[in-house]
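What the coordinates show
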Amino acid sequence: MQIQAYLAFNGNCQEALNFYAELFKAKIQNRQSYEDKKIDVPSSYRQKLQHAELVGKGVHLMAYDASPDTPINHGNQIHMSVEINDKNEAEQLFNSLSEGGKVHHNFREREWGYFGRCTDKYGINWMVNSNI
């Protein structure tokens, strides 16, 4: 079994994936816009992403820009969990993810290791763990 996150954005999917690609040293693949699709979206939305994947070492996310008739409601239905075996790298990643967003739990030592929880500037919830 494999479980993947599929992230929905409100028109800024490409920007968010560029941000995540740099942070996680991953590549954007299978990029498809609404351009040639037989989907009823405004012409101004045709360049938005209907599907894309972010793929790298230990990373595989799928994402898209929800069509304008599908409003995005930011909530806490999904958290992306990242496990890193290096405390300093985990803390640096947490700081980058939380910049411009909101910190819910500061990155600090817990019973099981180091942990922080935040919502990034795109409304995606993240949990960053390091047991070292």
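Everything discussed here concerns the structure shown above.
Described in the following lines is the structure provided in the data block. For clarity, every value in this text was computed on a predicted model and none was experimentally measured.

**A few points about the sheet that holds strand E5 (residues 79–83)**
Taken in spatial order, the 4 strands line up as E5-E8-E7-E6 in an open sheet, and their pairing is mixed. The open sheet terminates on both sides in strands that have one partner only, identified here as E5 and strand E6 (102–109). Each strand axis lies, on average, 10 degrees off the axis of its neighbour in the sheet, ignoring direction. Two strands pair when backbone bridges link them, and E6 and strand E7 (residues 114–119) are joined in this way by 5 bridges, in the antiparallel orientation. Its bridge partner being in E7, Glu109 is matched across the sheet by Tyr114. This element, helix H2 (residues 87–98), spans E5, E6, E7 and strand E8 (125–130) of the sheet and lies at about 170 degrees to E6.

**Quick look at unusual backbone geometry**
With the exception of glycine, the majority of residues adopt a negative phi angle, and the majority of peptide bonds are in the trans configuration. The backbone of Lys25 sits at a positive phi, close to 50 degrees, despite the residue not being glycine. Residue classification places Lys25 among the exposed positions, given a relative accessible area of 73%. One non-glycine residue with positive phi stands out, namely Asn30, at about 50 degrees. Note that Asn30 resides in strand E2 (residues 27–33).

**Digging into the packing of aromatic side chains**
Scanning all chains against the criterion turns up 12 aromatic pairs. Note on Trp112 and Phe115: the rings are 5.6 Å apart at their centroids and 65 degrees apart in plane angle, and the pair reads as edge-to-face. On the basis of relative accessibility, which here comes to 46%, the residue Trp112 falls in the partly exposed class. Each member of the aromatic cluster is reached from another via a ring pair, and the members are Phe9, Phe19, Tyr20, Phe24, Tyr122 and Trp126. Sitting above the plane of the Tyr114 ring, Lys87 keeps its charged end 5.1 Å from the centroid. Taking NZ or CZ as reference, Lys121 lies 4.6 Å from the ring centre of Phe19, over its face.

**Topic: the side chain of Asp65**
Checked against the element boundaries, Asp65 lands in strand E4 (residues 59–65). The buried charged residue Asp65 lacks any salt bridge, with Lys48 as its nearest oppositely charged partner at 5.6 Å. At 3.1 Å, the side chain of Asp65 forms a polar contact with the backbone nitrogen of Asn12. At 2.9 Å, the side chain of Asp65 forms a polar contact with the backbone nitrogen of Cys13. Discounting residues that sit within four places of it in the chain, Asp65 has contacts with Phe9, Asn10, Gly11, Asn12, Cys13, Tyr34, Tyr45, Lys48 and Leu49.

Rules used throughout
- Residues numbered from 1 in each chain as written.
- Predicted model: local features only at pLDDT ≥ 70, side-chain atom pairs only at ≥ 80, totals over all residues.
- Heavy atoms only, no water.
- Pairing = 2+ DSSP bridges.
- Helix = DSSP H or I, 4+ residues; strand = E, 2+ residues; numbered from the N terminus.
- Axes fitted to C-alpha atoms, helices over the stretch in contact; angles between N-to-C directions.
- Contact = heavy atoms within 4.5 Å.
- Buried < 20%, exposed > 50% of the residue type's maximum accessible area, 1.4 Å probe, protein only.
- Phe/Tyr/Trp six-rings, centres within 6.5 Å; stacked < 30°, edge-to-face > 60°.
- Lys NZ or Arg CZ within 6 Å of the ring centre and 35° of its normal.
- Lys, Arg positive; Asp, Glu negative; His and termini not counted.
- Salt bridge = Lys/Arg side-chain N within 4 Å of Asp/Glu carboxyl O.
- Polar contact = N/O pair within 3.5 Å; in protein donor to acceptor, adjacent residues only side chain to side chain.

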